[in-house]
Amino acid sequence: MTRSDLVEELANRFVQLNHRDSEFAVKAILDAMNDALVRGHRIEIRGFGSFSINRRPPRMGRNPRSGESVAIPEKRVPHFKPGKALREAVDKRTAELQSKA
């Protein structure tokens with residue numbers, strides 16, 4: 001699902017929202033989530049999952065062309081952990097699809 005698919009789904013589910021309003025709502029939610037993660041906060045959406053920031057320590061890597069050692073600096077990367085309800089729903093749905101095949 002892409003961002004535009006999400007906007008379309010929101011506009012279709014809530015007829016009182018036009019396309020522009022649903023696009024603004026999706027943008028506002030994603031911007032708020034982005035800002036929270038940038039500030040180092042954790043986002044938890046019950047039944048869906050949680051987003052947090054993981055720290056990747058600095059390490060030594062290797063340039064594949066020259067074989068030369070390269071220092072890779074520390075990074076902070078977003079991490080998503082699905083919630084129990086989402087994991088169970090995905091598991092159930094994939095089991096149903098596999099049993100039909």
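Residues numbered from 1 in each chain as written. Predicted model: local features only at pLDDT ≥ 70, side-chain atom pairs only at ≥ 80, totals over all residues. Heavy atoms only, no water.

**Focus on the pairing of strand E2 (residues 49-56)**
In step 1: Two strands pair when backbone bridges link them, and strand E1 (residues 43-45) and E2 are joined in this way by three bridges, in the antiparallel orientation. From the neighbouring strand, isoleucine 45 faces E2, where its bridge partner is glycine 49.
In step 2: Bridging between E2 and strand E5 (residues 75-82) involves eight bridges; their strand directions are antiparallel. Along E5, the bridge assignment pairs arginine 56 with lysine 75. (Pairing = 2+ DSSP bridges. Helix = DSSP H or I, 4+ residues; strand = E, 2+ residues; numbered from the N terminus.)

**Overview of the packing of helix H1 (residues 3-13) against helix H2 (residues 19-38)**
In step 1: Two elements in contact, H1 and H2, have axes separated by 8 Å at closest approach and are oriented at 125°. As far as their axial angle goes, H2 and H1 are oblique. Our pair here, H1 against H2, has a crossing hand that is right-handed. Touching Arg3, Leu6, Val7, Glu8, Leu10 and Ala11 of H1 are His19, Ser22, Glu23, Ala25, Val26, Lys27 and Leu30, all from H2.
In step 2: Grouping the amino acids of the contact of H1 with H2 by side-chain chemistry returns seven nonpolar, two polar and four charged. (Axes fitted to C-alpha atoms, helices over the stretch in contact; angles between N-to-C directions. Parallel < 35°, antiparallel > 145°, perpendicular 65-115°, else oblique. Left-handed = near helix turned anticlockwise from the far one by under 90°. Contact = heavy atoms within 4.5 Å. Nonpolar A, V, L, I, M, F, W, Y, C, P; charged D, E, K, R; others polar.)

**Details of the pattern of salt bridges**
In step 1: All chains considered together, the criterion is met by seven salt bridges.
In step 2: Where glutamate 44 meets arginine 42, a salt bridge forms, and the shortest distance between an N and an O atom there is 2.9 Å.
In step 3: By relative accessible area, which is 53% here, arginine 42 ends up exposed. (Salt bridge = Lys/Arg side-chain N within 4 Å of Asp/Glu carboxyl O. Buried < 20%, exposed > 50% of the residue type's maximum accessible area, 1.4 Å probe, protein only.)

**Description of the sheet that holds E2**
In step 1: A sheet is described by the order of its strands in space; here three strands give the open sequence E1-E2-E5, paired in antiparallel fashion. Edge strands, defined here as strands with exactly one partner in the open sheet, are E1 and E5. Ignoring which end each strand starts from, the neighbouring axes of this sheet average 25° apart.

**Overview of a nonpolar patch on the surface**
In step 1: Where nonpolar side chains cluster on the molecular surface, the patch consists of Ile45, Phe48 and Phe80 and spans about 230 Å² of accessible area.
In step 2: Along the chain, the position of phenylalanine 48 falls in the loop between E1 and E2. (Patch = residues over 30% accessible without salt bridge, like charges linked within 9 Å, V, L, I, M, F, W, Y side chains within 5 Å. Areas by Shrake-Rupley, 256 points an atom, 1.4 Å probe, with all protein chains shown as cover.)

**Some details on the environment of arginine 42**
In step 1: Position of arginine 42 among the secondary structure elements: in the loop between H2 and E1.
In step 2: When the C-alpha atoms of arginine 42 and alanine 95 are compared, they prove to be 31 Å apart, with 53 residues separating the residues in sequence.
In step 3: Every residue in contact with arginine 42, bar those within four places of it in the chain, is listed here: Ser50, Phe51 and Ser52.
In step 4: A polar side-chain atom of arginine 42 sits 3.3 Å from a polar atom in the side chain of serine 50. (Polar contact = N/O pair within 3.5 Å; in protein donor to acceptor, adjacent residues only side chain to side chain.)

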